Amino acid sequence: MKKGQIYEGIIERVDFPNKGMIYIPEEEKYVTVKNGIPGQKVRFMINKFKRGNGEGRLLEVLEKSPLETREPVCSIFPACGGCMYQTMSYEEQVKMKEGQIHRIMDPVVKGDYIFESVKESPKEFHYRNKMEFSFGDEYKDGPLSLGLHKKGSTYDVLTAADCQLVHRDMNQILSCVLAYFREWNVSYYKKMQHTGYLRHLLLRRGDTTGEILVNLVTTTQEEHDLTELKEQLLELPLEGKIVGILHILNDSLSDVVKSDETRILYGQDFFYEKLLGLQFKITPFSFFQPNSRGAEVLYETVREYIGDIENKTVFDLFSGTGTIGLIAASQAKEVIGVELNRDAVKDAIINAKRNNIQNEQFYNADAGKFMVELAEQNEKVDVVFMDPPRSGSDEAFLSSVVKLAPKKVVYVSCNPETLARDLKYLTRHGYQAVECQPCDMFPFTKHVETIVALHRTDMSGADNMAFSIENSAFSLAWLYHQGRNYRNYSDGMQKRRKYGALVLRDIAVEIQYVPETWCDDAEGKRLRYETYAKQFMERFKKAA
């Protein structure tokens, strides 16, 4: 098998995220091909190898899948990269996602656990309360377009005037904005040349309130009077109501929606949304679950997993605008929310006051550093709720959670692969996954949310010793690396420090891999841990 070779095959299954698995008999191996549906016969070209496994680029669908039982509901499917599974029934989409999570979770979770069937989104269509549309063209030097990127392309933009993921109000606003700028022949920002004016249209709409926030993102390279556009938007026959029109200036070279300066053209710079009886203020860049109705299903499940929290302290990490923390506050003694986004923290504080919740505190801090500091102070917590970004949590954060030793951890993830990685660490250090509940927040797409409830188990003396040694080794190695650039040490100290770090590295590696091969009986494990503990102390004393 070589790059450039073309094959045909049937997609046997689709793994997360959107990885079609095709068996090649003549090669006796599987190849991964994205953007397909289980059961499709496709032609593809091998374009790269990753860890020895071939990956192919889809060239053509030769035969439809038996699962494709309905016609597309959007004019730019399947070229658009926003949706993948429009031609599948929603029931089959959910089955596919359930299998994906099962295959990721089963090898990771040790012992028996409850795996619940996927909870479906209450709304199959028009469920998103937020969408970022890009300005561009559908082909080089073509007319101005406004919508979503073509599948597999970072430059071509398809006009998404009938997108089925968002409310029809958003489609009307998109069409109005596009027509206005086409009429005036306004340029769009070209990422390679770093020239042009129009960048993004960020729309947010409360599903329960109908309040709409329109955010036009441009550079400062041109000046345009947007009064007429504002008037046209306000005259649209919408089901909801525009409460704010903002002009966001962004001269960043990267293709990201951010604000150097925000000008209010009309109304206010926020809108309200309701979840489970509470009202939330949301600003342009605040994190808020993009499927409001689905979020209610998600947070109800989280509340069930948290269980009885009366007279207990709950930590809401990566708390955003405070949604789950505020929902849990009515049942807890105290809730502490930690969020890095300053605007989101401000909104969370306002949301707490607006809903008359007085037992939650919010901290504007990096959740990882915050937890590490708590662990260093030997603080203890009862329950931790964490909803990290797609990249998951790092080891420093997870080790601090382990040291704080909450009896329950409820982990919400939008990426089951990084969830599985983090679960390996937590289960290795005294936690048992007891329940798993996938929630489909994003019909037609490859995305799925997963909730896992973990309970603290009593670690044996040997396991506690191993955890202590491992943390000591990594902590001392970290201290060495933090100070390695200081020049006010003698040559002898520098050499001892360097040797000490090498010893710590070796011990860390030994501790990391040896437990997999140690004997199963507890006494044998304890003796081996004690041996490594002694070696650790002796070798580090020599190094120091």
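Up top you'll find the structure we're talking about.
Residues numbered from 1 in each chain as written. Predicted model: local features only at pLDDT ≥ 70, side-chain atom pairs only at ≥ 80, totals over all residues. Heavy atoms only, no water.

Details of the packing of aromatic side chains
On inspection of all chains with the given rule, the structure shows 11 aromatic pairs. For the pair phenylalanine 315 and phenylalanine 370, a centre-to-centre distance of 6.5 Å together with 50° between the ring planes defines the contact as tilted. Here phenylalanine 315, found in strand S16 (residues 313-317), pairs with phenylalanine 370, found in helix H7 (residues 367-376); they are 55 residues apart in sequence, far enough to count as distant. Pair check on accessibility: phenylalanine 315 and phenylalanine 370 agree, each one buried. Of the aromatic side chains, those joined through ring pairs into one cluster are Phe135, Tyr180 and Phe181. In this structure, lysine 191 packs its charged tip against the face of tyrosine 155, placed 5.1 Å from the ring centre. A cation over an aromatic ring shows up here: arginine 199 above the ring of tyrosine 189, its NZ or CZ 4.1 Å from the ring centre. (Phe/Tyr/Trp six-rings, centres within 6.5 Å; stacked < 30°, edge-to-face > 60°. Helix = DSSP H or I, 4+ residues; strand = E, 2+ residues; numbered from the N terminus. Buried < 20%, exposed > 50% of the residue type's maximum accessible area, 1.4 Å probe, protein only. Lys NZ or Arg CZ within 6 Å of the ring centre and 35° of its normal.)

A short note on the nonpolar core
Ranked by size, the top nonpolar core spans 79 residues in total, and within it Phe135, Ile173, Phe181 and Leu233 carry the most contacts. In terms of residues, this core owes the most to one element, helix H2 (residues 168-183), which gives 8 residues. Ignoring sequence-local partners within four residues, the contact set of isoleucine 173 consists of Leu203, Ile212, Val214, Leu233, Leu236, Leu238 and Ile242. Counting residues in each nonpolar core, the second largest holds 38 residues, with Phe315, Ile336, Val338 and Leu419 among its members. (Core = buried A, V, L, I, M, F, W, Y, C linked by side-chain atoms within 4.5 Å. Contact = heavy atoms within 4.5 Å.)

So, the pattern of salt bridges
Here the structure, examined in full by the defined rule, presents 20 salt bridges. Across the pair arginine 263 and glutamate 261 runs a salt bridge, and its minimum N-O distance is 3.1 Å. Salt bridges linked by common partners bring Glu8, Arg43 and Glu60 together as one network. (Salt bridge = Lys/Arg side-chain N within 4 Å of Asp/Glu carboxyl O.)

Focus: helix H1 (residues 90-105)
Here H1 spans 23 Å end to end across 16 residues, near enough to the 22 Å set by a 1.5 Å rise per residue. Where H1 is buried, its residues contact strand S1 (6-15), strand S6 (114-115), helix H9 (416-428), strand S21 (431-439) and strand S22 (449-456). (Expected span 1.5 Å × (residues − 1).)

Structural notes on the sheet that holds strand S17 (residues 334-339)
Strand order in the open sheet formed by 8 strands is S6-S21-S22-S20-S19-S16-S17-S18, and the pairing between neighbours is mixed. At either margin of the open sheet sits one strand with a lone partner, and together these are S6 and strand S18 (360-364). (Pairing = 2+ DSSP bridges.)

A look at the environment of arginine 354
With respect to the helices and strands, the residue arginine 354 is situated in helix H6 (residues 342-354). Along the chain, arginine 354 and lysine 281 lie 73 residues apart, while their C-alpha atoms are 8.9 Å from each other. In this structure arginine 354 touches Tyr272 and Gln279, once residues within four positions along its chain are discounted. At 2.3 Å, the side chain of arginine 354 and the side chain of glutamine 279 are in polar contact. (Polar contact = N/O pair within 3.5 Å; in protein donor to acceptor, adjacent residues only side chain to side chain.)

Examining the sheet that holds strand S8 (residues 144-149)
Strand order across the open sheet formed by 7 strands is S9-S8-S7-S10-S11-S12-S13, with mixed pairing between neighbours. Both outer strands of the open sheet, strand S9 (157-159) and strand S13 (261-267), are each paired with one neighbouring strand and no more. Neighbour-to-neighbour, the strand axes of the sheet open up by a mean angle of 35°, direction not taken into account. Note that strand S7 (residues 130-137) and strand S10 (residues 198-205) share 5 bridges and pair antiparallel. In the strand pairing of S10, serine 134 is matched with histidine 200. The strands touched by H2 within the sheet are S7, S8, S9, S10, strand S11 (211-218) and strand S12 (241-249), with S8 carrying the most contacts at an inclination of about 145°. In the packing of helix H3 (residues 227-234) onto the sheet, contacts are made with S11, S12 and S13, and the angle to S12 comes to roughly 155°. (Axes fitted to C-alpha atoms, helices over the stretch in contact; angles between N-to-C directions.)

A look at the side chain of histidine 429
Turning to its location among the elements, histidine 429 is positioned in the loop between H9 and S21. On the basis of relative accessible area, histidine 429 is assigned to the buried category, the value being 3%. Separated by 2.8 Å, the side chain of histidine 429 and the backbone oxygen of tyrosine 425 make a polar contact.

Quick word on the side chain of aspartate 347
Its location among the elements puts aspartate 347 in helix H6. There is no salt bridge for the buried aspartate 347, and the closest opposite charge comes from lysine 281, which lies 4.3 Å off by N-O distance. The residues contacting aspartate 347, other than those within four sequence positions of it, are Lys281, Ile282, Thr283, Ser286 and Thr321. (Lys, Arg positive; Asp, Glu negative; His and termini not counted.)

Regarding the environment of threonine 283
Looking at where threonine 283 falls in the secondary structure, it is placed in the loop between strand S15 (278-282) and helix H4 (292-306). Exposure remark for threonine 283: the relative accessible area of 11% places this residue in the buried category. As a C-alpha pair, threonine 283 and threonine 321 span 38 residues in sequence and 9.4 Å in three-dimensional space. Setting aside anything within four residues of it in sequence, one finds threonine 283 in contact with Arg204, Asp269, Phe270, Asp343 and Asp347. A polar contact of 2.5 Å, which involves the side chain of threonine 283, links it to the side chain of serine 286. Here the side chain of threonine 283 touches aspartate 347 through a polar contact of 2.6 Å, side chain to side chain.

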